[in-house]
Amino acid sequence: MPRFRPILDELPAYRPGKSVISADGRSFKLSSNESPYEPLPSVVEAISAAVREVHRYPDPACVRLTEALAERLGVPPEHVALGPGSVTVAQQLFETVSEPGAEVVYAWRSFEAYPVLADLAGATSVRVPLADETHDLRAMAAAITPETRMVLVCNPNNPTGTVNRTAELTAFLDEVPGDVLVVLDEAYREYIRDADVPDGLALYTDRPNVAVLRTFSKAYGLAGLRAGYLVAHEPVAAAVRKVTVPFAVNSIAQAAAIASLAAEDELLERVETVVKERTRVREALIGQGWEVPPTEANFVWLRLGERTMDFAERCAIDGVAVRPFAGEGARVSIGSPEANDTFLAAAEAFIKG
């Protein structure tokens, strides 16, 4: 029998959102924070054209996509690093900072891939509990030690949807030592409507230890193609590129991402529709008697404690898949109006008992 790393015996597998089907054949997947919309026609056209070139290797440096992002974001091209989804770029970041004894600080609960990535990279996780469902930045700053190499701030936070605002985040960044990398995970940036939530790109400019992580999977609706990126000063971006697997971002994903940037105005109209549905769903839940924290992402969070799995099972009866975290709560993505209405009916039935 081959010998494997001992950590694999303890490592929990990442659990993606699942689908369910009701007895009458209905199925609404609200468990993975996906866009409810299929790609725009111009993006489908770009994908179709790219398919005809799949006998060729993709551009390993993603030059055209890098240039398109740099122009769109107003940053130097050398500040951009790409990967197959932002979670893989996060994995690359863990690889750049981790070694035995190195610590990585993040809030908990936050994105559930963080502890898996830390364990695989050999880093020590330092989890700081949320305060009122939000990152406790003061406690996170206090958790930094000489062994800390990286701090992750998921803003908006997954799975709670909550945010940290300008004053507290700026004060936190000013307190973090310059040799500790701070990663602002902004996978849901496009859904933010709170004007006091800072754009990470405005914060990284004069802070060489700050990196911004974003994705094409959520608002841009390219979850199935896998394209994510990081914006950071050249030493950080270069380190990430060093640990990137060659040809990691496939040619179809590159073409689709470029086309999506070109169709951004049209895409953001869809985002606005999701934001309006988010408001409707949250207000309806509050009207039913639920406590729902303000959310700036494309999902809502229900703190259910020991009732979490019962709630998920009740939703499944109606064909609605939610993302339960046993003993804690459930995250529910914003889907189509029909999916949202079906979920709201299930939630009302549950709370009424």
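Our structure is the block above this text.
Now for a quick tour of the structure. (Residues numbered from 1 in each chain as written. Predicted model: local features only at pLDDT ≥ 70, side-chain atom pairs only at ≥ 80, totals over all residues. Heavy atoms only, no water.)

1. A few points about helix α8 (residues 234–242)
The set of residues buried in α8 consists of V236, A237 and V240. One face of α8 carries all of its buried residues, which in axial projection span an arc of 95°. Along α8, the residues that are exposed and aim more than 90 degrees away from the buried face are P235 and K242. Contact partners of the buried residues in α8: β2 (80–83), α3 (86–97), β6 (181–185), β7 (210–215) and β8 (228–231). (Buried < 20%, exposed > 50% of the residue type's maximum accessible area, 1.4 Å probe, protein only. Helix = DSSP H or I, 4+ residues; strand = E, 2+ residues; numbered from the N terminus. Arc of directions from axis to C-beta. Contact = heavy atoms within 4.5 Å.)

2. With respect to unusual backbone geometry
Note the cis peptide between W108 and R109, where omega equals 15°. A cis amide bond links N158 to the next residue, P159, at an omega of 25°. Take P159: it is sitting in the loop between β5 (148–154) and α6 (166–175). Not every positive phi belongs to a glycine, and C62 is a case in point at roughly 50°. Its location among the elements puts C62 in the loop between α1 (41–51) and α2 (63–73). The exposure class of C62 is buried, given its relative accessible area of 4%. Residues other than glycine seldom take positive phi values, yet E133 does so here, at roughly 65°. A residue is classified by how much of its surface remains accessible, and E133, at 15% relative accessible area, is buried.

3. Here we look at helix α4 (residues 113–121)
Of the positions making up α4, those classed as buried are A113, Y114, P115, V116, L117 and A118. Buried residues in α4 make contact with α3, β3 (103–108), β4 (124–129), β5 and β6.

4. Observations concerning the packing of aromatic side chains
Applying the stated criterion across every chain, the model contains twelve aromatic pairs. With a centroid separation of 6.0 Å and an interplanar angle of 55°, the aromatic rings of W301 and F325 are classed as tilted. Of the two residues, W301 sits in strand β9 (residues 299–303) while F325 sits in strand β11 (residues 323–325), which places them 24 residues apart along the sequence. Joined through ring pairs, the aromatic side chains of Y106, W108, F111 and Y114 make up one cluster. (Phe/Tyr/Trp six-rings, centres within 6.5 Å; stacked < 30°, edge-to-face > 60°.)

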